[in-house]
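# Structural overview for review
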Amino acid sequence: MLRYLSIRVALGLVAVLGVTMITFVGERTAGSPVYLMVAPTSTQADIETMRHKLGLDRPLVVQYGIFLRNAAQGDFGTSLKVGVPATQLVRERVGATVELAGAAFLLSLLVGVSLGVVAATFRGTIVDRTASIVGLVGQAMPGFWVGIMLILIFAVKLRWAPVAGRGGISHLVLPAVTLSWFSTAAFLRLTRSAMLDVLESDYVKLARLKGVPEWLVVCKHALRNTLVTVTTYAGLTIATLLGGAVIVETIFAWPGIGFMLTSALYTHDYPVIQAGVVLTSVAFVVCSLVVDLLYGVLDPRIRHGAYR
Amino acid sequence: MESVAVGVLEPRRRFGRVPWLPLVLLAPLVVFGIGGKHVAPHAVTAFNLDATLQPPVFMHGGAWTHLLGSDPLGRDTFSLLIVGARTSLIISVVGVALAGAVGVLVGVAAGSRRGALDEALMRIVDMQLAVPPILLAVLLAGALGGGLRTVIATIAVAFWPTYARIVRGETLALKQRDFVQLAVVAGSGQVRIARKHLLPNLLSSIVVVGTLQLGAAVGVESALSFLGLGVQAPNTSWGLMISDGKGYLDTAWWVATFPGVAIAMTVLGANLLGDWLRDELDPTTRDR
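Rules behind the numbers
Residues numbered from 1 in each chain as written. Chains lettered and ligands numbered in written order. Predicted model: local features only at pLDDT ≥ 70, side-chain atom pairs only at ≥ 80, totals over all residues. Helix = DSSP H or I, 4+ residues; strand = E, 2+ residues; numbered from the N terminus. Buried ≥ 20, exposed ≤ 12 C-beta atoms within 10 Å, placed from the backbone. Contact = placed C-beta atoms within 7 Å. Nonpolar A, V, L, I, M, F, W, Y, C, P; charged D, E, K, R; others polar. Core = buried A, V, L, I, M, F, W, Y, C linked by C-beta atoms within 7 Å. Expected span 1.5 Å × (residues − 1). Bend = angle between axes of the 7 residues up to and from the residue. pLDDT = per-residue confidence, 0-100. Axes fitted to C-alpha atoms, helices over the stretch in contact; angles between N-to-C directions. Parallel < 35°, antiparallel > 145°, perpendicular 65-115°, else oblique. Left-handed = near helix turned anticlockwise from the far one by under 90°.

## Some details on the overall build of chain B
- Scanning chain B from N- to C-terminus turns up 9 helices and 0 strands.
- Secondary structure elements of chain B occur, N-terminal to C-terminal, as α-α-α-α-α-α-α-α-α.
- Projected onto its principal axes, the C-alpha positions of chain B cover 75 × 60 × 30 Å.
- Burial statistics for chain B: of 288 residues in total, 48% are counted as buried.
- By sequence separation, contacts in chain B at least 24 residues apart represent 69% of the contacts at least 6 residues apart.

Below is the structure:
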């Protein structure tokens, strides 16, 4: 168990390191923030001075080394655009992303799983057919477009919700529904399929023979055993939501990590990009680890004795 | 035909039912993607400021000249969709093909050699699967700068680990089979075994994964272009159209709506076709 855990943590660290390396090299080949920081009339000498001031004239390896040394001490540098430490920017914005992703997670879990259970219980009926079609079509629609359609219908035409920004629950509804869209459809299809498997099993048949009421069979015997599958997928969902937040936050001008990241990409604000990327990939790695461990707890048949 | 001899097996018909729905959903992408600007009713590079924001034909004030309306620059929405189909088709097919080539190569190599090579390759796969794919795509596209090639490269980089994992797993299983073992005994080289015995048996999985990824690739392309990190004007793509239409929701809803319908149709078609292929090629997974 300990061996498994340490291998997983080490792999996660390597993954995060890999991501910082890709981002580091990538962002520096894509464009330089220098041109956005000097006056349009400045000479080549001014540009060189600025490059030197930012340390961008040093070899890439040296720059990366300095970045790693500082990052290990929790210092990701100062935003080139707003002049505030990148970690402070991230701290200010992480709450908004957690709020949005959390709401979307709960929404997709509740709606997706209950629709899936209903569809499986009434297998082959019109309810099941409708739910399955909703799941299939829902998964095919691009999330960002769903967001824009929601804005069109509920913000522009009906004026029930604000178009963008963060505030009370009314601000949260549209972005949360948008972000949860894909995962809801996925939960629905997954739960339905897992429930169908379980409902065919011997222990469910036995429960029915014993005369257990059907609703109890569904809620207790079947649903509980479906939860193992659902939990595994839930971990992947958190990851999907963190990635999806990048796009959804941009559409709704939701002041979270994702919106910060895309804005920083346009202005080549290196420190902010790095801080945001490290946070997101760490969150991703931690989520998948927690899920793998939970999986073993929920289903004792799975042992983590040996890696792989 | 009562006199059919017992024991004479009728050859199994491989593709029993024709998957009409996925084919119909994917037809526009293929037809318009190949035809491109040659089948579009209007040129999409020509601005027509006399015909900006025309509503679609079924709305009040709409006309047959602009079947699905026009955008703020007077470009015909339907023609833009047709030209955008070409972008989507090229990007998804080339991107997925590249991802497949790399992933299959890595998967077969890792699965048949095992040892240090396998370890190293699979750790790279694990590492990459530890990053949210959309974040990876956004970072890569942001780093490489926009454009058609960037999107293709991004899709290839983001999608190859899926292939590698599946192909490696199947290769490990195939290696235990008698015909591969016999080929080893007969003295076949590794390359010959991979080409003659492994690849033909991996083909169905490769095709299924590829089909499912085609839909995902169309989604990634549109998301990147929507964020301004993918296809750039004067080229056009469905994602770019949605981004353009975003600012005109109150006056011209159709500009952002129709490209989304096109994307949803294409992704749905690819998903259904992939599911169908999986069922047809591997009857044991039917009805899942």
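## Quick look at the overall build of chain A
- Within chain A, the secondary structure is distributed over 12 helices and 0 strands.
- Starting at the N terminus and walking to the C terminus, you meet the elements of chain A as α-α-α-α-α-α-α-α-α-α-α-α.
- For chain A, the spread of C-alpha atoms along the three principal axes comes to 85 × 55 × 30 Å.
- Considering only contacts within chain A whose residues lie at least 6 apart along the sequence, 73% involve residues at least 24 apart.

## Some points on the interface of chain A and chain B
- Of the residues lining the interface, 41 residues belong to chain A; the matching set on chain B comes to 35 residues.
- Within the residue set of the side of chain A that touches chain B, elements represented by two or more residues are helix H1 (2-30), helix H6 (126-140), helix H7 (143-157), helix H10 (214-252), helix H11 (257-267) and helix H12 (270-298) of chain A.
- Counting residues per element, the side of chain A that touches chain B draws most heavily on H1 of chain A, at 12 residues.
- Here the side of chain A that touches chain B is composed, by residue class, of 26 nonpolar, 14 polar and 1 charged.

## Observations concerning unusual backbone geometry
Residue and element names in this part refer to chain A.
- Unlike most non-glycine residues, Ala253 shows phi in positive territory, near 50°.
- Tracing the backbone through its elements, the reader meets Ala253 in the loop between H10 and H11.
- Positive phi is not limited to glycine here, since His268 has a value of about 55°.
- For His268, the position within the fold is in the loop between H11 and H12.
- Look at His268 and you get buried, because 21 C-beta atoms sit within 10 Å.

## Brief notes about the nonpolar core
- One finds Ala137, Val138 and Ile155 of chain B to be the most contacted residues of the largest nonpolar core, which totals 152 residues.
- The dominant element in this core, judged by the number of residues it contributes, is H10 of chain A, at 17 residues.
- Non-local contacts of Val138 of chain B, meaning those with residues more than four positions away in its chain, are made with Val246 of chain A together with Leu227 and Leu229 of chain B.

## Some thoughts on helix H3 (residues 115-129) of chain B
- The end-to-end C-alpha distance of H3 of chain B, which contains 15 residues, comes to 21 Å, matching closely the 21 Å that a straight helix rising 1.5 Å per residue would cover.
- Buried residues in H3 of chain B make contact with helix H2 (77-113) and helix H5 (148-175) of chain B.

## Let's talk about the environment of Leu294 of chain A
Residue and element names in this part refer to chain A.
- With respect to the helices and strands, Leu294 occurs in helix H12.
- Here Leu294 falls in the partly exposed class, since 15 other C-beta atoms lie within 10 Å of it.
- For the pair formed by Leu294 and Val228, sequence separation is 66 residues and the distance between their alpha carbons is 9.0 Å.

## Here we look at helix H5 (residues 86-121) of chain A
- Between its first and last C-alpha atoms H5 of chain A spans 50 Å; for 36 residues at 1.5 Å apiece the expected length is 52 Å, and the two agree.
- Arg93 of chain A marks where H5 of chain A bends most, by close to 35°.

## What to know about the confidence of the model for chain A
Residue and element names in this part refer to chain A.
- When pLDDT is averaged along chain A, the result is 83, and 96% of the positions lie at 70 or above.
- Within chain A, helix H2 (residues 34-37) has the poorest average pLDDT of any element, 74, and H5 the best, 90.
- Taken as a whole, residues 304-308 scores under 50 in pLDDT and shows 6 contacts with residues more than four places along the chain or in a different chain.

## Some points on the environment of Gln176 of chain B
- Relative to the assigned elements, Gln176 of chain B resides in the loop between H5 and helix H6 (178-185).
- Since 8 C-beta atoms lie within 10 Å of it, Gln176 of chain B is described here as exposed.

## A closer look at the confidence of the model for chain B
All names here are of chain B.
- Put simply, chain B has an average pLDDT of 81, and 91% of its residues get 70 or more.
- When mean pLDDT is taken per element in chain B, H2 scores highest with 90 and helix H4 (residues 133-144) scores lowest with 74.
- In this model, residues 1-11 is a region of pLDDT below 50 whose contacts with residues beyond four sequence positions or in other chains number 0 contacts.
- Our summary of model confidence lists the complex with pTM equal to 0.81 and ipTM equal to 0.79.

## A word on the packing of H5 of chain A against H6 of chain A
All names here are of chain A.
- Interaxial distance between H5 and H6 falls to 8 Å at its minimum, and their mutual angle equals 140°. With respect to each other, H5 and H6 are oriented oblique. Both H5 and H6 take part in a crossing whose hand is left-handed. Where H5 approaches H6, its residues Leu115, Val118 and Ala119 are matched on the opposing element by Val127, Asp128, Ala131 and Ser132.

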